[in-house]
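Observations on the three-dimensional arrangement
Each chain, written out:
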Amino acid sequence: MREILHLSFSTAANHISTHFFNAQESYFTYDDKISLVDHNITFRSGLAADGSTETFTPRCLLWDLKGGYGSLTKYNSLYEREEGRLTSANVVRIEEPRVPRSAYIQSLDENAEHVAKLNPSTTMYWSDYCNVFHHPRSLLQLSSWEYHPVDAPRGRARGSGGSGPSAAVHHGSAGKVKEFKGYDVGASEFHDLSNADSAGELALETHFRPLLEECDLLAGINIITEVDSAWGSFTAEALSELRDEYIPKSTVLLWGLEDNATLDRINQYSRIQTVAALTPLSTAYIPLCLKPDTASLFSFFSADVGFDASSLWHTTGLLNAAFESITLPTRLRESDSRVSMDTLASEITSLGSRKIISGTELAIGHAILQLGGTNSINNGHQDRLSRIKAAKSRLGHVFSKFGVVRDFRGSSIGSMEQIWEEYAKPTDVKDEGGFVDRRLISLCYPTPASYPPYLPESGPLYSSLYSTSLTRYELADMEDFVSRYVRGDDREELKDELDTLTAEFIFGWSDDSSGDDDE
């Protein structure tokens, strides 16, 4: 068995993870038919608290802020909390108001013949549409911070917004609410001893080690995390500890969720620090935009679909379509069809030399959407000179491209081949000396009742990751930002790290020219 572990940091990441595991659950077969997907790669078998009921739960760890679970409780009907020796005489019970279960979850719990329909207003929490049971050990939360989908969507220090039983009140400068952002905030939170149950060395020992020891042969780890919040640095600290103590050489695909809004200088610097920290620790760093370009969305969806760009249920559903499809070959049952995590990482990074992926594409039928990377909209720190250079270089040189085309509601192998040729343009990439690989998979992208009803009715689904010389400009922008605005001991070290990453994406003598005359 070649198991794949899944680590998820932040509410947005957990929305993607929920879509992902709902999709995996939809592949389950309950008759003699054998699924093309090997469920044991991403799910673990076990026993419930009664010692006799068999369970099948995801091989994952999900981090969130307090309140981020919504109506989900750590202990459920399969796993009950062990009661301590305290009695009602010496315990004062304090409970915060609970988030009610969504109508959809209630209909699942009641085994209703027809489940309740979902919409953006009923999917404010990822637990509102979570189809699977999680082991209690898989759920971790930072108790000093809280999440609320309306009042605190980016997270805030507990006690800083309204009344409640929390006694710890944290404020930033000038009495402002302290948000969960900034590189130093996430890094210090990981090492805060008050978070021993959810962060730091002890938490990894308690939660990650058992997950790892259950694996016969670890194939790799997928990590999804926010980049433009304190979760980025929290993840970097966690991954550094994992590399030192548990998985020094294992394949790690790091999927970084970026906010494509214009960032202020503090958040720009935090993103640069995060990317510089996460990239060397990962086998591949794959940026994804939480909110794809509006113009691209209009061309991708018909006007009557009603796509809600403010809904994490909607936006992360799109991201999961790419994430789940790109990684699908690593979970196939037949060894002849399966692609190892190591092979996938090697192909998208040019044998490991270019760890940052330039772009992620998703297409169904004849509409294509850029979901992250160089070809997305302004990343918040792109200066005028770099935009001019990028425009002149058009698409840049393509170093590598890995794509998956999969059946979607009755498409044929011939139509899948046509889609691959149309969007990947493999001949052009090969003619320029780039590497191309693809997989055609006769397995539809699953759209269970928990998935937004916005995908087109027909046509193969295409998704790809690619690496181009354009990434050099984004990294150069980061280095230029550090030169202009950063002071202190870390300045030159950070510049050197970015310069090392940039050098791998230089192609041809013209790409080396400074272009100062263009200003």
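Predicted model, so just to flag it, every value in this text is computed and none were measured.

This part takes up empty space enclosed by the protein. Empty pockets left among the atoms are what a rolling probe the size of a water molecule brings to light. Tallied over the full model, the rule gives four cavities of 30 Å³ or more. As a volume, the largest cavity reaches approximately 80 Å³. Lining the largest cavity are twelve residues, with Glu258, Tyr285, Pro287, Ile356 and Glu474 positioned closest to its centre. For the lining of the largest cavity, the secondary-structure elements that each account for two or more residues are strand E9 (284-289) and helix H13 (471-485). Considering every element that reaches the lining of the largest cavity, the biggest residue donor is H13, with four residues. In terms of residue class, the lining of the largest cavity is made up of seven nonpolar, three polar and two charged.

This paragraph deals with a negative patch on the surface. A cluster of acidic residues, Asp489, Asp490, Glu493, Asp496, Glu497 and Asp499, forms a negative patch at the surface. What makes glutamate 497 partly exposed here is its relative accessible area of 32%.

A word on the sheet that holds strand E13 (residues 435-441). Read across the sheet, five strands follow the order E11-E10-E14-E12-E13 without closing on themselves; strand pairing throughout is mixed. Taken across any chain shown, the strands that pair with only one partner, and hence form the sheet edges, are strand E11 (367-373) and E13. Ignoring which end each strand starts from, the neighbouring axes of this sheet average 15° apart. Relative to strand E14 (residues 461-468), strand E12 (residues 398-406) is paired through eight bridges, and the arrangement is antiparallel. Bridging from a neighbouring strand, serine 400 pairs with serine 467 of E14.

It is worth spelling out the pattern of salt bridges at this point. Applying the stated criterion across every chain, the model contains 17 salt bridges. Glutamate 205 is the partner of arginine 209 in a salt bridge, and the nearest nitrogen-oxygen pair spans 2.9 Å. Taken as a pair, arginine 209 and glutamate 205 lie in helix H4 (residues 200-213) at a separation of four residues, close to a single helical turn. The exposure class of arginine 209 is partly exposed, given its relative accessible area of 29%. Beyond isolated ion pairs, a larger network of salt bridges with shared partners links Arg44, Arg137 and Glu214.

Where a strand is regular, its side chains alternate between the two sheet faces. With nine of its nine residues buried, strand E7 (residues 218-226) lies for the most part within the structure. Looking at chain direction, strand E1 (residues 3-9) and E7 are connected through seven bridges and run parallel. Its bridge partner being in E7, glutamate 3 is matched across the sheet by leucine 218. Strand direction decides the pairing type here: E7 and strand E8 (residues 252-258), joined by six bridges, are parallel. By the bridge assignment for E8, asparagine 222 is matched with leucine 253. Chirality of the crossover, the property in question, places the unit of E7, helix H5 (residues 230-245) and E8 among those that are right-handed.

What counts and what doesn't
- Residues numbered from 1 in each chain as written.
- Predicted model: local features only at pLDDT ≥ 70, side-chain atom pairs only at ≥ 80, totals over all residues.
- Heavy atoms only, no water.
- 1 Å grid on protein atoms, 1.4 Å probe; cavity = no way out; pocket = protein on both sides within 12 Å on 5 of 7 lines; lining within 4 Å.
- Points joined across faces, edges and corners; volume = space filled by probe spheres on them.
- Helix = DSSP H or I, 4+ residues; strand = E, 2+ residues; numbered from the N terminus.
- Nonpolar A, V, L, I, M, F, W, Y, C, P; charged D, E, K, R; others polar.
- Patch = residues over 30% accessible without salt bridge, like charges linked within 9 Å, V, L, I, M, F, W, Y side chains within 5 Å.
- Areas by Shrake-Rupley, 256 points an atom, 1.4 Å probe, with all protein chains shown as cover.
- Salt bridge = Lys/Arg side-chain N within 4 Å of Asp/Glu carboxyl O.
- Lys, Arg positive; Asp, Glu negative; His and termini not counted.
- Charge placed at Lys NZ, Arg CZ, Asp CG, Glu CD.
- Buried < 20%, exposed > 50% of the residue type's maximum accessible area, 1.4 Å probe, protein only.
- Pairing = 2+ DSSP bridges.
- Axes fitted to C-alpha atoms, helices over the stretch in contact; angles between N-to-C directions.
- Right-handed = clockwise from strand over helix to strand, strands pointing away.

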